[in-house]
Amino acid sequence: MKSLLKFITCGSVDDGKSTLIGHMLYDAKLLFADQEKALELDSRIGCRDGKIDYSLLLDGLMAEREQGITIDVAYRYFTTENRSFIVADCPGHEQYTRNMAVGASFADLAVILVDATQGILAQTKRHTRICALMGIRHIVLAVNKMDLINFDRNRFLEIKDDFITLAANLNLETIKVIPVSATEGDNVTNASNHTPWYDGLPLLSYLEEVDVATEADKDGFIMPVQRVSRPNHTFRGFQGQIESGKVSVGDEIATLPSKEKAKVKSIHITDKESDVAFLGQPVTIQLDREVDVSRGCVLVKDKTLELADMFTAKILWMDDEELVPGRNYLLKNGTKTLPANIMTIKYKIDINTGEQIAAERIFKNEIAVCDIALSEKMVFDKFENNNTLGELILIDRVTNMTSACGVIEHSLSRSTNVVWQNTDVTREIRAEQKGQKPLTLWFTGLSGSGKSTLANELEKRLVAMGKHTMLLDGDNVRHGLNKDLGFTEEGRIENIRRIAEVSRLMNDAGLIIITSFISPYKKDREKAKEIIGEAFIEIFVSTSLEECEKRDVKGLYKKARAGEIPEFTGISSPYEQPDNPDIQIDSEKYSIEEATDFLMKQLQKHID
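Reading the values: the criteria
Residues numbered from 1 in each chain as written. Predicted model: local features only at pLDDT ≥ 70, side-chain atom pairs only at ≥ 80, totals over all residues. Heavy atoms only, no water. Helix = DSSP H or I, 4+ residues; strand = E, 2+ residues; numbered from the N terminus. Contact = heavy atoms within 4.5 Å. Pairing = 2+ DSSP bridges. Axes fitted to C-alpha atoms, helices over the stretch in contact; angles between N-to-C directions. Parallel < 35°, antiparallel > 145°, perpendicular 65-115°, else oblique. Left-handed = near helix turned anticlockwise from the far one by under 90°. 1 Å grid on protein atoms, 1.4 Å probe; cavity = no way out; pocket = protein on both sides within 12 Å on 5 of 7 lines; lining within 4 Å. Points joined across faces, edges and corners; volume = space filled by probe spheres on them. Nonpolar A, V, L, I, M, F, W, Y, C, P; charged D, E, K, R; others polar. Buried < 20%, exposed > 50% of the residue type's maximum accessible area, 1.4 Å probe, protein only. Salt bridge = Lys/Arg side-chain N within 4 Å of Asp/Glu carboxyl O.

Trainee: What is the right way to look at unusual backbone geometry in this model?
Mentor: Residues other than glycine predominantly adopt negative phi, and peptide bonds predominantly adopt the trans conformation. The omega angle of the peptide bond from leucine 256 to proline 257 is 15°, so this bond is cis rather than trans. By the secondary structure assignment, proline 257 is in the loop between β11 (252-256) and β12 (260-269). Even without being a glycine, phenylalanine 151 presents a positive backbone phi close to 55°. Relative to the assigned elements, phenylalanine 151 resides in the loop between β5 (138-144) and α6 (153-166).

Structure (structure tokens):
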């Protein structure tokens, strides 16, 4: 059986990636007759004066052909006498870096192209570091457009030295540098007469021979559970793909995170039973006894994995909105998805030098190292030990877009040393003692909307009913607990996180908490809701900006308009309205007493 090589082509824009692969397929006679004919016809109206434009084989989108660039990742499958290949032709423009990262995530080897007339560019360096981040350990540097510099050996060696210096600290296993001309075909499929000073293999021959095999199949058995199969009451199987090692009927395996042990009763590969299954195979495993296993759990044998809720990760930020500490996302690792919080940004990496640079926020296409906290403990491994359990993506909880991809470097020791201490007196006991249901009534709205006034009146009504309450006002809290925080985006995020944690603790004490904070960002209110849980009631005071500015009790809007207060919500900083608040009230339409009556009526179902 022929081995399979999965590789990508990448590099800066217009370095000839699509042309290189197209020419390789054309010269190697790996096209169907109709594909070859279509290429010749399309080339007549291309950008090469009627000569064959090999890039058209890869650039299939209309926008790509019109602009002469690659936008999306184009996959091609082909086979030679010696090997089978899957190639992902990746875009070079910086704005499409996320597409390149997607292509790199599947590859064993990267062919990085460099324009010989320009040398190593910023995007070349970025793509090289992304390849290393994604676990690619085998690199081919194709120095393209050698025909434009008359196949100058000295220029080739200069570019080669620059790249070797760049890759020195990237933990690569092999680097092969080949002089090529993608348009003319030099050293693509056959050795070129124009480079007598190069005695290595042409590109295709090298790809046919390069060894990218790993020893993952010799490690212990690992299978993240993707699905629990229960077709009838007599069968319960765990389905997933084997990511390391092998498993046999009769083997004793452990289930994580529960750490229960059981023996393999049967193994099904598709609809056939088997005595053994190996790395890369999708299987259904039946155990000899009932264990606590669901999607996201991991089956292991002879393998030690990490179990923690905090770790350090290196990520590529791909979102248009910058990353700031305190933001919360969904994190996907293997088959497990959990809420996650970016605790700190330790540093970002300079793509040119690899230098570690202190940073308070991370922008699109930057690489950074961060500390991440999860909502619960998760089974994972270092990326260098296991790719599947060591890689991750961060998903925006509002847009559901992938905001980042990255790898886990190590767990944080405090995540395993700090354990939640259960107490005999519970929230339920404290609530029963007070004769009430603990709640957090979260008032949000613009400055001057009436939040604090309504919260104060509401607390008086609740106390008159015999309820035990506590009012947390935004200004008051910043005099003490949050005195150290400013009004930057990072400061606002941390301000809301702390209040949510305090509110949860007070709910545990059996109290009804009333909070009055602008809390302008949807993501932060979602995070607060996640921390507090079912006790969270969002009350949106929807008074208009015009009315708030007209009231301007504290004179803050006047100062903001004069530029004396930077990042003031509603003027120079955004307020993101709730999409579906539990209660909404416009204080313009009611007197204080009427508004309080309205709130009490709306809250009755929650309080009882």
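Trainee: What should I look at first to understand the environment of glutamate 530 in this one?
Mentor: By the element assignment, glutamate 530 lies in helix α14 (residues 522-532). Separated by 191 residues in the primary sequence, glutamate 530 and proline 339 place their C-alpha atoms 8.7 Å from one another. The contacts of glutamate 530, once residues within four sequence positions are left out, are Pro339, Ser375 and Arg397.

Trainee: Would you mind going over the sheet that holds strand β25 (residues 469-473) with me for this structure?
Mentor: Two strands in a sheet stick together by hydrogen bonds in their backbones, pointing the same way (parallel) or opposite ways (antiparallel). Spatially, five strands are ordered β25-β26-β24-β27-β28 in an open sheet, and the strand pairing comes out parallel. Both edges of this open sheet fall to β25 and β28 (583-585), since each of them pairs with a single strand only. Averaged over all pairs of adjacent strands, the angle between strand axes in this sheet comes to 15°, irrespective of strand direction. Alignment of β25 against strand β26 (residues 512-516), held across five bridges, turns out to be parallel. Opposite leucine 472, over in β26, you have threonine 515 as the bridge partner.

Trainee: Please explain the packing of helix α13 (residues 489-508) against α14 as it appears in this structure.
Mentor: When two helices pack together, their arrangement is given by the angle between the helix axes and the distance between those axes. Two numbers describe how α13 lies on α14: the axes approach to 9 Å, and their chain directions differ by 20°. One finds that α13 runs roughly parallel with respect to α14. Between α13 and α14 lies a crossing of right-handed hand. Contacts between α13 and α14 involve Ile493, Ile496, Arg497, Ala500, Glu501, Ser503, Arg504 and Asn507 on the former and, on the latter, Asp524, Ala528, Ile531 and Ile532.

Trainee: So what exactly am I meant to see when it comes to empty space enclosed by the protein here?
Mentor: This model, assessed by the stated rule, comprises two cavities of 30 Å³ or more. The volume enclosed by the largest cavity comes to roughly 40 Å³. In this structure, the largest cavity is lined by Gly326, Asn341, Ile493, Ile496, Arg497, Asp524, Lys527 and Ala528. Sorting the residues of the lining of the largest cavity by element identifies α13 and α14 as the ones contributing at least two each. Here the residues of the lining of the largest cavity are counted per class, giving three nonpolar, two polar and three charged. There is about 30 Å³ of room inside the second largest cavity.

Trainee: Please clarify how the pairing of strand β24 (residues 439-444) should be interpreted in this entry.
Mentor: Side-chain direction in a regular strand flips from residue to residue, so the side chains alternate between the two faces of the sheet. For β24, the buried fraction is high: six of the six residues fall into the buried class. Along β24, one buried face is formed by Leu439, Leu441 and Phe443 and the opposite face, lined by Thr440, Trp442 and Thr444, is buried too. Judged from the five bridges that link them, β24 and β26 form a sheet pairing that is parallel. Looking at β26, one finds that leucine 439 is bridged to isoleucine 512. One ladder, built from five bridges, connects β24 with strand β27 (residues 536-541); its direction is parallel. Its bridge partner lying in β27, tryptophan 442 is registered against glutamate 538.

Trainee: What am I meant to see in the pattern of salt bridges here?
Mentor: If charged atoms from side chains of opposite charge come close, those side chains can pair. Enumeration over the complete set of coordinates arrives at 29 salt bridges. Between arginine 236 and glutamate 290 there is a salt bridge, and its shortest N-O distance comes to 3.2 Å. Here glutamate 290 lies in the loop between β15 (282-287) and β16 (298-301) and arginine 236 lies in strand β9 (residues 235-241), a separation of 54 residues in the sequence. Between glutamate 530 and lysine 527 there is a salt bridge, with the nearest N and O atoms lying 3.4 Å from each other. Note that glutamate 530 and lysine 527 are positioned in helix α14 at a spacing of three residues, about one turn of the helix. Here the residues in one salt-bridge network are Glu321, Arg327, Asp396, Lys523 and Asp524, joined through shared partners.

Purely spatial values, then, with no claim about function.
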